[in-house]
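Below, each chain spelled out in residue letters.
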Amino acid sequence: MIRESVVDSVLNRLSTAFAHRLVVRPPASAEDIATLERLVDPLPREFSIFLLTCNGLRIHVNTPRGGDEWHLWHTQEMTASILAPQGPSMPPFLVPFRGDPTTTRDCLVTGHGPAEGGVIRWDPWGRDVQILASGFGRYLDRWARYMVENFAQGRQDRNAVRPPFDAQYIGTGDDKLLTIRDD
């Protein structure tokens, strides 16, 4: 049975909400994905579909700090963060795909264990690790929802108080996440 991916619906939702402020990169090449998989093990299905649909994306948003850009990394950024980290090295079962390359970043877990296929937030300088989502598809859906709710046209109040994009926001309604956290 073929399971439908959330990637297309998320990209359609972002495109509708952000129009020209959304920059979607062309699909990753088979070579780029193979390089990444040699470093971290096979990629979960939803993540592979994302990379084969768009090799990262960027949304130009306006925040109190100025014109910040929110983006999900492309394969070259992921590979560079693994091979030449700006700080402590990445564990071999994590694929960083969002965040600050020098500090906290969101990572896909590719290794075996209860969190395999899940998404964590990891700070290489500290011991803080948060389990964010049971899978990349769930994470991507919540990230898109957060972006639309807080930064889409007409919602860009520079002084608005926004909820944090954290484990509580991302994990809402993710029943499988509770099992992973317990394990």
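Up top you'll find the structure we're talking about.
What comes next concerns the included structure. Bear in mind that the values here come from a model prediction, so they are computed numbers and not experimental data. (Residues numbered from 1 in each chain as written. Predicted model: local features only at pLDDT ≥ 70, side-chain atom pairs only at ≥ 80, totals over all residues. Heavy atoms only, no water.)

**Here we look at the layout of surface pockets**
Heads up, the condition is: The method works on a 1 Å grid over the protein atoms by themselves. A cavity is a set of points holding a 1.4 Å probe that cannot get out, a pocket is an open set with protein on both sides within 12 Å along at least five of seven lines, and residues with an atom within 4 Å of a point line them. Grid points are joined across faces, edges and corners, and a volume is the space filled by probe spheres set on the points. Under the scheme used here, helices are H or I runs from DSSP no shorter than 4 residues and strands are E runs no shorter than 2 residues, and both carry numbers assigned from the N terminus. Each residue gets one of three labels, nonpolar for Ala, Val, Leu, Ile, Met, Phe, Trp, Tyr, Cys and Pro, charged for Asp, Glu, Lys and Arg, and polar for the others, Gly among them.
For the second largest pocket, the calculated volume is near 160 Å³. Every residue lining the second largest pocket is listed: Phe 93, Leu 94, Val 109, Gly 111, His 112, Gly 113, Ala 115, Glu 116, Ile 120, Trp 122, Val 129 and Ile 131. Counting residues per element, the ones that place at least two in the lining of the second largest pocket are strand S6 (119-122) and strand S7 (129-133). Among the residues forming the lining of the second largest pocket, the class breakdown is eight nonpolar, three polar and one charged.

**Examining the pattern of salt bridges**
Pairing is possible between side chains that carry opposite charge, provided their charged atoms lie close to one another. Rules: Each salt bridge in this description consists of a side-chain nitrogen of Lys or Arg and a carboxyl oxygen of Asp or Glu lying within 4 Å of one another.
Applying the stated criterion to the full structure yields four salt bridges. In this structure, the salt-bridge partner of Asp 106 is Arg 98, at a minimum N-O distance of 2.9 Å. Across the salt bridge formed by Arg 145 and Asp 141, the nearest N and O atoms sit 3.7 Å from each other. With Arg 145 and Asp 141 both in helix H5 (residues 136-151) and four residues apart, this pair spans about one turn of that helix. Overlapping salt bridges, with partners in common, bring together Arg 13, Asp 141 and Arg 145 in one network.

**Observations regarding the environment of Arg 13**
As a reminder of what qualifies: The buried label applies to any residue whose accessible area, calculated with a 1.4 Å probe on protein chains only, is under 20% of its type's maximum; exposed applies above 50%, and partly exposed to all values in between. In what follows, residue pairs with any heavy atoms lying within 4.5 Å of each other are defined as contacts.
Tracing the backbone shows Arg 13 in helix H1 (residues 7-18). For Arg 13, a relative accessible area of 27% gives the class partly exposed. Residues Arg 13 and Asp 141, spaced 128 residues apart in sequence, show a C-alpha to C-alpha distance of 9.7 Å. Those residues in contact with Arg 13, other than ones at most four positions away along the chain, are Asp 141, Ala 144, Arg 145 and Val 148.

**Structural notes on the pairing of strand S5 (residues 105-109)**
Within a regular strand, side chains alternate between the sheet's two faces. Short version of the rule: Pairing between strands is defined by DSSP: at least two bridges between them are needed.
With five of five residues buried, S5 lies mostly within the body of the structure. Burial of S5 is two-sided: the residues Arg 105, Cys 107 and Val 109 facing one way and the residues Asp 106 and Leu 108 facing the other way are all buried. In this sheet, S5 lies alongside strand S4 (residues 94-99) in antiparallel orientation, the contact comprising five bridges. Paired with Arg 98 across the bridge in S5 is Asp 106. Linking two consecutive strands that pair antiparallel, namely S4 and S5, is a turn of five residues.

**Let's talk about the packing of H1 against H5**
To keep it simple, the criterion reads: For every element, the axis is a line fit to its C-alpha atoms; helices are fit only across the contacting stretch, and the angle between N-to-C directions ranges from 0 to 180 degrees. Reported orientations rely on four angle classes, namely roughly parallel under 35 degrees, roughly antiparallel over 145, roughly perpendicular from 65 to 115, and oblique for the rest.
H5 packs onto H1 with a crossing angle of 10° between their chain directions and a minimal axis gap of 10 Å. In terms of their interaxial angle, H1 and H5 are classed as roughly parallel. Residues Val 7, Val 10, Arg 13, Leu 14, Ala 17 and Phe 18 of H1 form the contact with H5, whose participating residues are Leu 140, Asp 141, Trp 143, Ala 144, Arg 145, Met 147, Val 148 and Phe 151. Here the residues of the contact of H1 with H5 sort into 11 nonpolar, no polar and three charged.

**Examining the packing of aromatic side chains**
The description of an aromatic ring pair uses the distance of the two centres, along with the angle that the planes make with each other. Counted only if it meets this: By convention, a stacked pair of Phe, Tyr or Trp rings (six-membered ring in the case of Trp) has centres within 6.5 Å and planes under 30 degrees apart, an edge-to-face pair has planes over 60 apart, and any other such pair is tilted. Remark: a charge is flagged as sitting over a ring if the NZ atom of Lys or the CZ atom of Arg is within 6 Å of the ring centre and within 35 degrees of the ring normal.
Enumeration over the complete set of coordinates arrives at 13 aromatic pairs. On the basis of an interplanar angle of 20° and a centroid distance of 6.4 Å, the ring pair of Phe 136 and Tyr 139 is categorised as stacked. Placement of both Phe 136 and Tyr 139 in helix H5 is noted, with a separation of three residues, approximately one turn of the helix. Judged on exposure class, the residue Phe 136 and its partner Tyr 139 are both buried. Measuring from ring centre to ring centre gives 5.2 Å for Tyr 146 and Phe 165, while their planes differ by 50°; the resulting arrangement is tilted. With Tyr 146 in helix H5 and Phe 165 in the loop between H5 and helix H6 (167-171), this residue pair connects regions lying 19 residues apart in the sequence. Each member of the pair, Tyr 146 together with Phe 165, is buried. Through a chain of ring-to-ring contacts, three or more aromatic side chains come together here, namely Phe 47, Phe 50, Trp 70, Phe 97, Phe 136, Tyr 139, Tyr 146, Phe 151, Phe 165 and Tyr 169. Over the ring of Tyr 169 we find Arg 142; its NZ or CZ atom is 4.4 Å from the centre of that ring.

These results come straight from atomic positions and should not be treated as a statement about function.
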